[in-house]
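Fold and contact review
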Amino acid sequence: MPPYRTLILLILATVVVGLAFTTPGRNDAAHTEAPAQELTPPSELALMMRAMAIHADSVKAAVNRGGNLPPYPKAFKKLPTAEPTKGMHIDPITFPTFAKDYENKLGRLYKVKKGERQQAYNALVQSCANCHGTHCPGPLMRIKKMYIATE
Ligand code: HEC
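Residues numbered from 1 in each chain as written. Predicted model: local features only at pLDDT ≥ 70, side-chain atom pairs only at ≥ 80, totals over all residues. Heavy atoms only, no water.

1. With respect to the overall build of the protein
Keep this limit in mind: Each helix corresponds to a stretch of at least 4 residues labelled H or I by DSSP, and each strand to a stretch of at least 2 residues labelled E; elements are numbered beginning at the N terminus. For each residue, the accessible area found with a 1.4 Å probe, counting protein chains only, is set against the maximum for its type, and the residue is called buried under 20%, exposed over 50%, and partly exposed in between. We call two residues contacting when some pair of their heavy atoms lies within 4.5 Å. Each accessible area is a Shrake-Rupley result for a 1.4 Å probe, and residues are judged covered by the shown protein chains and nothing else.
Along its length, the protein carries seven helices and zero strands. For the protein, the succession of helices and strands along the chain, N to C, is α-α-α-α-α-α-α. Sorting the 151 residues of the protein into buried and exposed places 28% on the buried side. Expressed as a percentage of contacts within the protein between residues at least 6 apart in sequence, the contacts between residues at least 24 apart total 65%. Surface exposure of the protein reaches about 10,500 Å², of which carbon and sulfur atoms provide 64%.

2. With respect to the coordination of the iron atom of the ligand
The condition that has to hold: In this analysis a donor is any N, O or S atom within 2.8 Å of a metal ion (3.2 Å for sodium, potassium and calcium), and since water is not included, sites may seem incomplete. Working rule for geometry: tetrahedral if four donors all subtend angles between 85 and 135 degrees; square planar for four, octahedral for six, if opposite donors exceed 155 degrees and the others stay between 65 and 115; irregular in every other situation.
Around the iron atom of the ligand, the donor atoms from the protein are Met49 (SD) and His132 (NE2), and they sit 2.0 to 2.3 Å away. Around the iron atom of the ligand, the six donor atoms are arranged such that angles at the metal cover 85 to 178°; this shape is classified as octahedral. Linking methionine 49 in helix α4 (residues 44-65) with histidine 132 in helix α6 (residues 117-134), this pair joins segments that are 83 residues apart in sequence. Judged by its relative accessible area of 26%, methionine 49 falls in the partly exposed class.

3. Structural notes on the pattern of salt bridges
So the rule is basically this: Between Lys or Arg on one side and Asp or Glu on the other, a salt bridge is scored when a side-chain nitrogen of the former is within 4 Å of a carboxyl oxygen of the latter.
The full count for this structure, using the stated rule, is five salt bridges. In this structure, glutamate 103 engages lysine 77 in a salt bridge whose closest nitrogen and oxygen atoms are separated by 2.9 Å. Taken as a pair, glutamate 103 in helix α5 (residues 94-111) and lysine 77 in the loop between α4 and α5 lie far apart in primary sequence, 26 residues in all. The closest approach of N and O atoms between aspartate 101 and lysine 105, which form a salt bridge, is 2.6 Å. Residue aspartate 101 and its partner lysine 105 are located together in helix α5, separated by four residues, close to a single helical turn. Here the salt bridges share partners, and the residues they tie into one network are Lys77, Lys100 and Glu103.

4. Points about the site of the ligand
As a reminder of what qualifies: Whether a residue is near a molecule or strand is decided by its heavy atoms; if any one of them lies within 4 Å of it, the residue is near. Any pair of nitrogen or oxygen atoms within 3.5 Å is treated as a polar contact; in protein, a donor-acceptor pairing is required on top of that, and neighbouring residues in sequence qualify only through side-chain atoms on both sides. All amino acids are sorted into three groups, where Ala, Val, Leu, Ile, Met, Phe, Trp, Tyr, Cys and Pro are nonpolar, Asp, Glu, Lys and Arg are charged, and the leftover types, Gly among them, are polar.
Near the ligand you find 25 residues, and of these Met49, Arg50, Cys128, Cys131 and His132 are the closest. Within the side chain of serine 43, one N or O atom sits 2.6 Å away from an oxygen atom of the ligand. Histidine 132 is positioned with one of its side-chain polar atoms (N or O) 2.7 Å from a nitrogen atom of the ligand. Of all the secondary-structure elements, those providing two or more residues to the shell around the ligand are α4, α5, α6 and α7 (140-144). It is α4 that contributes the most residues to the shell around the ligand, six residues altogether. Grouping the amino acids of the shell around the ligand by side-chain chemistry returns 18 nonpolar, five polar and two charged.

What follows is the structure, encoded as structure tokens:
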């Protein structure tokens, strides 16, 4: 499946670039500051987001070919309490509201008839975009490309 192949290539590319930057003795001056930050592991929330994006991509592929949805992702129930990146501001009112909306749209996607999945999927992507409008706008460009075009 092409989306997975792209992901694997991305991971390989990241590893190769990562190795290039950690080659010992290459640039000693830069080494005194950079590595600590590069090695900070992604937050629980960031990892969940990556899984949510992969899940949405595979839903999109399934809807486009009229196939079965991937298994319901129960793990995303923890979205409201997942630990964010240190120092990231999470609004105590809007974040849980947007998280609940995402959960509702996810539930609906798995409930509707096959013919209504395209619309339900686009509503799910809209719920990603809504939260990202106020929290972490970086991935918005990517999210906007996730909609299934409707004619
Ligand atoms: C309730 C709010 C909310 C919803 C809903 C949401 N996001 Fe996020 N997203 C965030 C926040 C906050 C971060 C930053 C997480 C961190 O750095 O700890 C984030 C981070 C990300 C990242 C970057 C992860 C990384 O590698 O650092 C991607 C990609 C992403 N979201 C995509 C999505 C997609 C796709 C959806 C819908 C399927 C979605 N988000 C739904 C709030 C949300």
